[in-house]
Amino acid sequence: MLKYALKRIIKLIPVLLAITLLVFTLMYLTPGDPALAKLTSQGGTVTPELLAEERHAMGLDRPFFVRYVDWVLNILKGDLGTSYSDDQPVASKLMKALSRTLALAAASTLFSVVIAIPIGVYTAIRKDSLFDNIVRILTFTGNAMPNFLIALLLMFLFCIKIKAFPVVATTNLKGMFLPTLALSIPMISKFARQTRADVMSQLSEEYVIGMHARGIKERTILFKNVLHNALGSIITIVSLQVRVLIGGSVVTEMIFRWPGIGNMMMTSITARDYPVVQGAVLILSTLQVLVNLVTDLSYYIIDKRISLE
Amino acid sequence: MKKEKPKLTRSQLKKLKIKRRTQIWGVVVTLVLLLSLIAPYCLPHDPLATNAQAMRQAPSPEHPFGTDNLGRDVLSRLLAGARTSIFATIMLVIISFMIGTFIGVICGYYGGKLDDLVMRFTDILLSVPQLVLAIAVAGMLGGSLVNTMIAIGVTSWTSYARLARSHAMRIRQLPFINACRLTGSSDANIIMHHVVPNLIGPMLVNATMEIGSTMLSIAGLSFLGLGVAPPTPEWGSMVSESRSYLQLAPWAVFAPALAILITVMLFNYFGESVCDLANSKEA
C-alpha cells in the first residue's frame, strides 16, 4: 500500500509542474500590463516614469523563463505574491477562503452520497415502480438544470418567499444550508442514476443467481456483495463530480455571497487582480489533482488486485 | 393456405420502439433549431427597446413573460436570444468535435512520440477543473461570445480526442488496413477513406450527448458575466442581468433560466435516444 501510494505521489510532481506552467503562461499571455493594472487598481494618476519603476519593482522586465522559475520557487516557499488591490499576501487571503469552500464542498458531497446511494439502490431493486419513475424524472431534470437556476430558485423560495434564511449567507451552519443544498441537487441526480445503473448490472450477474440458489438472504447479497462490487464505479462518479463541484461552487458562492475561493476569484477577475486569480486557479487545480490521487488510492483499498499499470 | 404475417420478436419490437423514439426527438430538436432561426424575425416587441413606463411588469397578455428592469419585453428577448444561445452551443460542439477528432485520429493512427506528448497534455487539461480554467481564460480574454467559446473549447476538445484516438488505435490493427497498405494506399488515403468512416458513427453519438452539458457550460460563463456583452440578449446573461432584482421581477430571472433547462433537457433526451439506437444496432 505504502509503496503504491509513494509511486502515485511521485507521478504527481510532473503534473503539478505542468499545471504551474499552464497557469503562469495563461497570466503571461493576458493582454494588459500588470504594473498598469496594479497602479490603476490602487488609484492615482499613472505617469510613464512611475509605470517603468513599478514594472522594474515587480520584475516584469525580466525574461519569461526567469520569471516562471522565480514564481515556482516562491510557491514552494508558500508565497503566491501580493494582491494588487490591497497588497495583502495572496496565499493567506486564499487559504482563509479555501477552508470555507472546502467546508461547502465536503458538506454537499457527504449529503449527496448519504441521500443518493439509498435512493439508487432502492430504485434498482424496485425497477419500474412508481417511485423509480418519479426519481427518474427528477434526476433527469436535476441533470439538465443550470446550477445558477437551482441556487436562484432556492434563494427565491427560502429567502424571499418564506424568509427562512437571510439573502446573504452567513458563515455559520444556518448560512451553509442553502449553498450546500444548491450544490447537492445536481450531484444527487448524478449519483442516484449511477448507483441505480451499477446495482442493476450487478444484480444480473450470475453470482447473484448462484447465491440466491444457495438460499442466501436477499439483504446479505445486496449489502455484502452487490454494493461492495458497485462501490468502485460509485467512487469514480463521485470523484468525477468533484471537478464539476469545484466549478459549480464559483457560481453558487457568488449567488449566496459565500466568502469562498470561487467568489474571491470572480471579484478578482472583475478587479483585474491577477495574482489572486492565478493563485485561485492553482489552488483549485491542485485540489483536483489531490482528489484524483485519493480516488486512485481508494480503488486500491477496495480491490487489492489493482496495481500500478 | 393463408400466409401468416411474420411476427416480430420482442427484441425487434424494442428496436423499432427505440428507432421511433429517436425519430420523434429528432423532429423536436429540428423544430427547436428552426424556431430559434425564425424567431428573431417575428418578435412581438423590440428586444432592445427600453420603456420607462413598463418597468418590471408582471406577466400579462401584452407581455406574456413580463418585462425586465428597463421595461424590455422578456419574451422578445428570450426569442431573440435563442439563436445566440443555441447556435453558440452547436458551433462549439462542432468545432471541438472536429479539432478533437482530427487530433485523436492522427495520434491513434501514428502513435509514437507525438501521441505520448498530446496524451500527457490532455491528462493535464483534464486534471484542471474545467469551469475554473474556462473562467480564468474568459476573464483574461474579456467578455464576448467568441471568447466564451474559446474558453470552453480549450478543454472540451480533449474528450473527443481521447475517444477518437482509442477508436483509431483499434481500427489501425484490423486486417483490412494492412490490406490497404499492401495495395499501396497512402496514409492520408487510408485515414480519410477507411479510418474516419469507421469511427465517425460512435463519435457523432458522443457529440450529440455533449450538446446539453456544453450549453450548461456556456450558460454558466455568461451568467458569471463572461459571455456576451449587454444589451445583446442571450439566456445566461439575461439571468445574470436580472438577478439583482429577483425579488421584484422573478419572471425576468426564471423565464430565461427555464428556457435553458428545457432546451438542455430536449437535447439530453435526443442524445440519450441516439445513444440507445446506436447500442441497439450494435447488439
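The rules we used
Residues numbered from 1 in each chain as written. Chains lettered and ligands numbered in written order. Predicted model: local features only at pLDDT ≥ 70, side-chain atom pairs only at ≥ 80, totals over all residues. Heavy atoms only, no water. Helix = DSSP H or I, 4+ residues; strand = E, 2+ residues; numbered from the N terminus. Buried < 20%, exposed > 50% of the residue type's maximum accessible area, 1.4 Å probe, protein only. Contact = heavy atoms within 4.5 Å. Areas by Shrake-Rupley, 256 points an atom, 1.4 Å probe, with all protein chains shown as cover. Lys, Arg positive; Asp, Glu negative; His and termini not counted. Charge placed at Lys NZ, Arg CZ, Asp CG, Glu CD. Domains from an automatic or database assignment. Buried area = accessible area lost by both parts, 1.4 Å probe. Salt bridge = Lys/Arg side-chain N within 4 Å of Asp/Glu carboxyl O. Axes fitted to C-alpha atoms, helices over the stretch in contact; angles between N-to-C directions. Parallel < 35°, antiparallel > 145°, perpendicular 65-115°, else oblique. Left-handed = near helix turned anticlockwise from the far one by under 90°. Nonpolar A, V, L, I, M, F, W, Y, C, P; charged D, E, K, R; others polar. Patch = residues over 30% accessible without salt bridge, like charges linked within 9 Å, V, L, I, M, F, W, Y side chains within 5 Å. Polar contact = N/O pair within 3.5 Å; in protein donor to acceptor, adjacent residues only side chain to side chain. Phe/Tyr/Trp six-rings, centres within 6.5 Å; stacked < 30°, edge-to-face > 60°. pLDDT = per-residue confidence, 0-100.

Asker: When you look at the overall build of chain B in this model, what are you seeing that I'm missing?
Answerer: Along chain B, the regular secondary structure elements total 9 helices and 0 strands. Secondary structure elements in chain B, listed N-terminal to C-terminal, are α-α-α-α-α-α-α-α-α. Taking the principal axes of the C-alpha coordinates as reference, chain B spans close to 75 × 70 × 30 Å. By residue count, 49% of the 283 residues in chain B fall in the buried class. In chain B, 73% of the contacts between residues at least 6 apart in sequence involve partners at least 24 apart. Just so you have it, chain B exposes about 14100 Å², and 66% of that area is on carbon and sulfur atoms. With 24 positive and 15 negative side-chain charges, chain B shows a separation of 13 Å between the mean positions of the two kinds.

Asker: Just to check I follow, could you spell out the domain arrangement of chain A for this structure?
Answerer: Residue and element names in this part refer to chain A. Partitioning chain A into structural domains gives domain 1 (17-79) and domain 2 (95-302). Taken together, the contact pairs 10 residues of domain 1 with 8 residues of domain 2. Carbon and sulfur atoms make up 82% of the area that domain 1 and domain 2 hide from each other, which totals about 810 Å². Among the residues domain 1 hides against domain 2, the three largest losses belong to Ile19, Val23 and Met27. Together they make up 51% of the total. Put simply, domain 1 and domain 2 have 0 salt bridges between them.

Asker: Can you help me understand the packing of helix H2 (residues 74-110) of chain B against helix H3 (residues 112-127) of chain B in this one?
Answerer: When two helices pack together, their arrangement is given by the angle between the helix axes and by the axis-to-axis distance. Residue and element names in this part refer to chain B. One can describe the packing of H2 onto H3 by two numbers: an axis separation of 8 Å at closest approach and a directional angle of 135 degrees. When the interaxial angle is binned, H2 and H3 end up oblique. Where H2 crosses over H3, the handedness of that crossing is left-handed. The segment H2 lies against H3, with Ile103, Ile106, Cys107 and Tyr110 engaging Gly112, Leu114, Asp115 and Val118. In the contact of H2 with H3, the residues fall into 6 nonpolar, 1 polar and 1 charged.

Asker: Looking at this model, I keep getting lost on a nonpolar patch on the surface. Mind explaining?
Answerer: A cluster of nonpolar side chains, contributed by Val27, Leu31, Leu34, Leu37 and Ile38 of chain B, occupies part of the molecular surface with about 450 Å² of accessible area. Within the secondary structure, leucine 37 of chain B sits in helix H1 (residues 10-38).

Asker: Sorry if this is basic, but what is going on with the interface of chain A and chain B here?
Answerer: By a frequent convention, interface size equals the accessible area lost on bringing the separate parts together. Listed by partner, the interface residues are 42 residues for chain A and 37 residues for chain B. Of all residues in chain A, Phe140, Phe148 and Arg243 of chain A bury the most surface against chain B, accounting for 19% of the area lost on that side. Taken together, chain A and chain B are joined by 3 residue pairs in polar contact (both at pLDDT 80 or more). Of all the elements in the fold, those that place two or more residues in the side of chain A that touches chain B are helix H1 (2-29), helix H6 (130-144), helix H7 (147-161), helix H10 (218-256), helix H11 (261-270) and helix H12 (274-302) of chain A. Of the residues in the side of chain A that touches chain B, the class split is 31 nonpolar, 8 polar and 3 charged.

Asker: Before we go on, may I ask you to explain the side chain of glutamine 202 of chain A in this structure?
Answerer: Residues and elements named next belong to chain A. In this structure, glutamine 202 sits in helix H8 (residues 173-203). Overall, glutamine 202 belongs to the buried group, its relative accessible area being 14%. Apart from residues lying up to four places away in sequence, glutamine 202 is in contact with Tyr207, Val208, Val226, Asn229 and Ala230.

Asker: Looking at this structure, I do not really get H11 of chain A. What am I missing?
Answerer: Within H11 of chain A, 8 of the 10 residues are buried, which leaves the element mostly enclosed by the surrounding structure. For H11 of chain A, every residue scored as buried is listed here: Ile261, Gly262, Asn263, Met264, Met265, Met266, Ser268 and Ile269 of chain A. Tucked into the core, H11 of chain A has its buried residues touching helix H5 (90-125), H10 and H12 of chain A together with helix H4 (130-141) of chain B. After H11 of chain A finishes, the residue arginine 272 of chain A shows a positive phi value of roughly 55 degrees.

Asker: What's the story with the packing of H6 of chain A against H8 of chain A in this structure? I'm lost.
Answerer: Residue and element names in this part refer to chain A. At a minimum axis distance of 8 Å, the contact between H6 and H8 shows a crossing angle of 130 degrees. In terms of their interaxial angle, H6 and H8 are classed as oblique. Here the hand of the crossing between H6 and H8 comes out left-handed. Note on element contacts: H8 touches H6 through Pro186, Ser189, Lys190, Ala192, Arg193 and Arg196, opposite Asp132, Arg136, Leu138, Thr139, Phe140, Gly142 and Asn143. Residue composition of the contact of H6 with H8, grouped by class: 4 nonpolar, 4 polar and 5 charged.

Asker: Please clarify how the packing of aromatic side chains should be interpreted in this entry.
Answerer: Centre-to-centre distance and the angle between the planes together describe a pair of aromatic rings. Enumeration over the complete set of coordinates arrives at 14 aromatic pairs over all chains. Geometrically, the ring pair formed by phenylalanine 140 of chain A and tyrosine 269 of chain B is stacked, given 4.1 Å between the ring centres and 20 degrees between the ring planes. Taken together, the residues span two chains, with phenylalanine 140 of chain A in helix H6 and tyrosine 269 of chain B in helix H9 (residues 250-282). The exposure class of phenylalanine 140 of chain A is buried, given its relative accessible area of 5%. Geometrically, the ring pair formed by tryptophan 25 of chain B and tyrosine 269 of chain B is stacked, given 4.9 Å between the ring centres and 0 degrees between the ring planes. In this pair, tryptophan 25 of chain B sits in helix H1 while tyrosine 269 of chain B sits in helix H9, placing the two residues 244 residues apart along the sequence. Using a relative accessible area of 29% as the deciding quantity, one classes tyrosine 269 of chain B as partly exposed. The rings of Phe24, Tyr28, Phe64, Phe65, Tyr68 and Trp71 of chain A are connected pair by pair, giving a single aromatic cluster.

Asker: I keep staring at the confidence of the model for chain B and nothing clicks. Help me out?
Answerer: As a note on interpretation, predicted positions should not be read in detail where pLDDT is low. Residue and element names in this part refer to chain B. Taken over all residues, the pLDDT of chain B has a mean of 87, while the share at 70 or more is 98%. Mean pLDDT per element in chain B: H4 is the minimum at 85, and H2 is the maximum at 92. Model confidence for the complex is summarised by a pTM of 0.87, with the ipTM given as 0.85.

Asker: Whenever I open this one, the pattern of salt bridges confuses me. Can you help?
Answerer: Oppositely charged side chains can pair when the atoms bearing their charge come close. Residues and elements named next belong to chain A. Following the criterion strictly, the structure yields 16 salt bridges over all chains and no others. In this structure, aspartate 70 and arginine 62 form a salt bridge, with 3.4 Å as the shortest nitrogen-oxygen distance. Relative accessible area serves as the criterion here: at 31%, aspartate 70 is assigned to the partly exposed category. Arginine 62 sits in the partly exposed class, given a relative accessible area of 32%. Arginine 136 serves as the salt-bridge partner of aspartate 132, at 3.5 Å between the closest nitrogen and oxygen. Linking aspartate 132 with arginine 136, this pair stays in helix H6, spanning 4 residues, or about one helical turn. When its relative accessible area of 1% is taken as the criterion, aspartate 132 is described as buried. Looking at arginine 136, the relative accessible area reads 36%, which means it is partly exposed. Through salt bridges with shared partners, a single ionic network connects Lys127, Asp128, Asp132, Arg136 and Arg196.

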